[in-house]
Amino acid sequence: CAQSSKNPSPNFNQKITEKLEEMVKNYESTNDKWRAFGYQNAIRVLSRHPKEISSWEEAKSLPRVGKRLADKIWEIAQSGELRKLKEFETNEAVSTLKLFTNVWGAGPHAAQMWYQQGFRTISDLKEKASLTHQQQVGVRLYEDLLDRMPREEAGEIERVVKEAAESLQDGIIAQACGSYRRGKPTCGDVDVLITHPDGKSHRGIFHRLLAKLKESGFLTDDLVCVSETDNQKKYMGVCKLPGENRKHRRLDIIVVPYEEYGCALVYFTGSAHFNRSLRHLCKKQNMSLNEHALKTGVVRKGSEKICKGTIIPTPTEESIFQVLKIPFRPPEERDH
Ligand code: DCP
Ligand code: MG
Ligand code: MN
């Protein structure tokens, strides 16, 4: 959780949680949300459990773990295998749905439809399926986009975006957040956050930056381009570094006003899991936190906000931790 100050303790049950992660992926692709949710809960409590699970009763005693999940956990603990997972792997429908939901821009519904239309491979989709623009990119770059890049490559991509941004505007801040900032050895994409300390020069930059990066051939495909407001802009696309043997990589670019820099930095550094624990902590103190702002005096009735609260200025990451009354956590320690 976000509260503890020490390094997160190791996951003593990794062998088990890895198998359960696979189960989540299967249930997500078959759109079985409840089972996916149940397994995710089990993964969360298991990865925080202070020791290796050594009996069925111990598994059953975990919060919100029922008999059947305890059976699965104990099966993996004892044999290292899970028969149900093997069953899924050899089931044509499940494995095809998984293949299809891994197409960027495709969810369980699209996957199901393609399956019902008789498609079984990515080539089938390329040749016969009707695809959105995003799915066309997803299918064309299927292998590349599933591959995680070494962090060195993420650093090179950050540098290209940073240099382009700096050439357009003096004093601009452009930094990779996400898994890269958390120090991960591999990254699924690069998440670049852009802002300007003068509070206004971030505004013109978004479209000029994208145009410049397209012109040089660095950006190869657009996936999503949103202007939430005049102030906040978000781009999702695909880039490729120059040179031989380079893969296409996912790139996210976010432009924010400087007053939101602290909150945006915490949000885009993540992890998503860590952000959830921060928000949970906020709720308990009548506060709210998102990528834009930290607010106090928030009054909730159920999931509804009766009083939206007032913004507390949080110029730095440190100031956010201070307001929440928790010790600062460096990015490397924000996986949970
Ligand atoms: N984020 C979040 N909730 C989500 C998605 C994202 O809070 N549902 C935040 C936290 C993430 C950050 O945005 O760390 C970047 O999102 P990514 O999907 O790029 O995730 P990571 O960079 O953490 O991991 P990966 O290496 O897979 O890209
Ligand atoms: Mg990322
Ligand atoms: Mn991302």
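Attention here is on the structure that accompanies the text.

### Focus: the site of ligand 1
Phase 1 of the analysis: Looking at ligand 1, there are 15 residues lining it, with Arg148, Ser179, Gly188, Asp189 and Asn275 nearest.
Phase 2 of the analysis: With respect to ligand 1, the side chain of arginine 148 contributes an N or O atom lying 2.8 Å from an oxygen atom.
Phase 3 of the analysis: Here an oxygen atom of ligand 1 sits 2.8 Å away from a polar atom, N or O, in the main chain of glycine 188.
Phase 4 of the analysis: In isolation ligand 1 offers 550 Å² of accessible surface; the protein chains occlude 67% of this area.
Phase 5 of the analysis: Elements that contribute at least two residues to the shell around ligand 1 include exactly helix H12 (178-181), helix H14 (261-269) and helix H15 (272-284).
Phase 6 of the analysis: Of all the elements, H14 adds the most residues to the shell around ligand 1, at three residues.

### Describing the coordination of the magnesium ion (ligand 2)
Phase 1 of the analysis: The protein atoms that coordinate the magnesium ion (ligand 2) are Asp189 (OD) and Asp191 (OD), at distances of 1.9 to 2.2 Å.
Phase 2 of the analysis: In this structure, the magnesium ion (ligand 2) lies 3.5 Å away from the manganese ion (ligand 3), the two metals sharing aspartate 189 as a donor. Taken as a pair, aspartate 189 and aspartate 191 share a single burial class, namely buried.

### Quick word on the sheet that holds strand S12 (residues 310-312)
Phase 1 of the analysis: The three strands are arranged S8-S9-S12 in an open sheet whose pairing can be described as antiparallel. Bordering the open sheet on either side are strand S8 (287-289) and S12, each of which pairs with just one other strand. Strand-to-strand twist across the sheet, computed as the mean angle between neighbouring axes with direction ignored, equals 35°.
Phase 2 of the analysis: Against the sheet, H15 engages S8 and strand S9 (294-296), with an angle of about 160° to S8.

### Focus: helix H6 (residues 92-101)
Phase 1 of the analysis: Residues of H6 that are buried: Val94, Thr96, Leu97, Lys98 and Phe100.
Phase 2 of the analysis: Looking at the packing, one finds that the buried side of H6 touches helix H1 (14-29), helix H5 (83-90), helix H7 (108-116) and helix H8 (122-128).
Phase 3 of the analysis: You can read the cap of H6 off the contacts: a side-chain oxygen lies 2.8 Å from the backbone nitrogen of alanine 93, and it is on asparagine 91.

### Description of the coordination of the manganese ion (ligand 3)
Ideal geometry at a metal centre: 109.5 degrees between donors when four sit tetrahedrally, and 90 or 180 degrees when six sit octahedrally.
Phase 1 of the analysis: Bound to the manganese ion (ligand 3) are the protein donor atoms Asp189 (OD), Asp191 (OD) and Asp252 (OD), situated 2.0 to 2.3 Å from the metal.
Phase 2 of the analysis: Between consecutive donor residues of the manganese ion (ligand 3), the sequence gaps follow D-x1-D-x60-D.

### A word on the packing of H1 against helix H4 (residues 67-79)
Phase 1 of the analysis: Where H1 meets H4, the closest approach of the two axes is 9 Å, and the angle between their N-to-C directions is 125°. It follows from the interaxial angle that H1 and H4 lie oblique. The handedness of the crossing between H1 and H4 is right-handed. Contacts between H1 and H4 involve Lys15, Ile16, Lys19 and Leu20 from the former and Ile73, Ile76 and Ala77 from the latter.

### With respect to the packing of aromatic side chains
Aromatic ring pairs are reported here in terms of the distance separating the ring centres and the angle at which the planes meet.
Phase 1 of the analysis: Scanning the model with the defined rule gives eight aromatic pairs in all.
Phase 2 of the analysis: Measuring from ring centre to ring centre gives 5.0 Å for phenylalanine 321 and phenylalanine 328, while their planes differ by 65°; the resulting arrangement is edge-to-face.
Phase 3 of the analysis: Judged by its relative accessible area of 2%, phenylalanine 321 is buried.
Phase 4 of the analysis: Overall, phenylalanine 328 belongs to the partly exposed group, its relative accessible area being 34%.
Phase 5 of the analysis: Ring-pair connections join several aromatic residues into one group, and the members of that group are Tyr27, Tyr39 and Phe88.
Phase 6 of the analysis: Of note, arginine 120 hangs over the ring of tyrosine 115, and the distance from its end group to the ring centre comes to 3.7 Å.
Phase 7 of the analysis: Stacked on the ring of tyrosine 180, the Lys or Arg arginine 151 has its end atom at 4.2 Å from the ring centre.

### Observations concerning the sheet that holds strand S5 (residues 219-227)
Phase 1 of the analysis: Ordered by their spatial adjacency, five strands build an open sheet running S2-S4-S7-S6-S5, and the pairing between neighbours is mixed. Because the sheet does not close on itself, it has two edges, and the strands there are strand S2 (173-176) and S5. Ignoring which end each strand starts from, the neighbouring axes of this sheet average 20° apart.
Phase 2 of the analysis: When strand S6 (residues 233-239) meets strand S7 (residues 249-255), the two strands line up antiparallel, connected through seven bridges. Looking across to S7, one finds that tyrosine 235 is bridged to isoleucine 253.
Phase 3 of the analysis: Set on the sheet, helix H9 (residues 133-140) makes contact with S5 and S6; between it and S5 the angle comes to about 145°.

### Description of the pattern of salt bridges
Phase 1 of the analysis: What the rule picks out here adds up to 22 salt bridges.
Phase 2 of the analysis: Residue aspartate 222 pairs with lysine 214 through a salt bridge whose shortest N-O separation is 2.9 Å.
Phase 3 of the analysis: By relative accessible area, aspartate 222 is classed as partly exposed at 29%.
Phase 4 of the analysis: One salt-bridge network, held together by shared partners, links Asp147, Glu153, Lys247 and Arg249.

Definitions and cut-offs
- Residues numbered from 1 in each chain as written.
- Chains lettered and ligands numbered in written order.
- Predicted model: local features only at pLDDT ≥ 70, side-chain atom pairs only at ≥ 80, totals over all residues.
- Heavy atoms only, no water.
- Near = heavy atom within 4 Å.
- Polar contact = N/O pair within 3.5 Å; in protein donor to acceptor, adjacent residues only side chain to side chain.
- Areas by Shrake-Rupley, 256 points an atom, 1.4 Å probe, with all protein chains shown as cover.
- Helix = DSSP H or I, 4+ residues; strand = E, 2+ residues; numbered from the N terminus.
- Donors = N, O, S within 2.8 Å, 3.2 Å for Na, K, Ca; no water.
- Buried < 20%, exposed > 50% of the residue type's maximum accessible area, 1.4 Å probe, protein only.
- Pairing = 2+ DSSP bridges.
- Axes fitted to C-alpha atoms, helices over the stretch in contact; angles between N-to-C directions.
- Contact = heavy atoms within 4.5 Å.
- Parallel < 35°, antiparallel > 145°, perpendicular 65-115°, else oblique.
- Left-handed = near helix turned anticlockwise from the far one by under 90°.
- Phe/Tyr/Trp six-rings, centres within 6.5 Å; stacked < 30°, edge-to-face > 60°.
- Lys NZ or Arg CZ within 6 Å of the ring centre and 35° of its normal.
- Salt bridge = Lys/Arg side-chain N within 4 Å of Asp/Glu carboxyl O.

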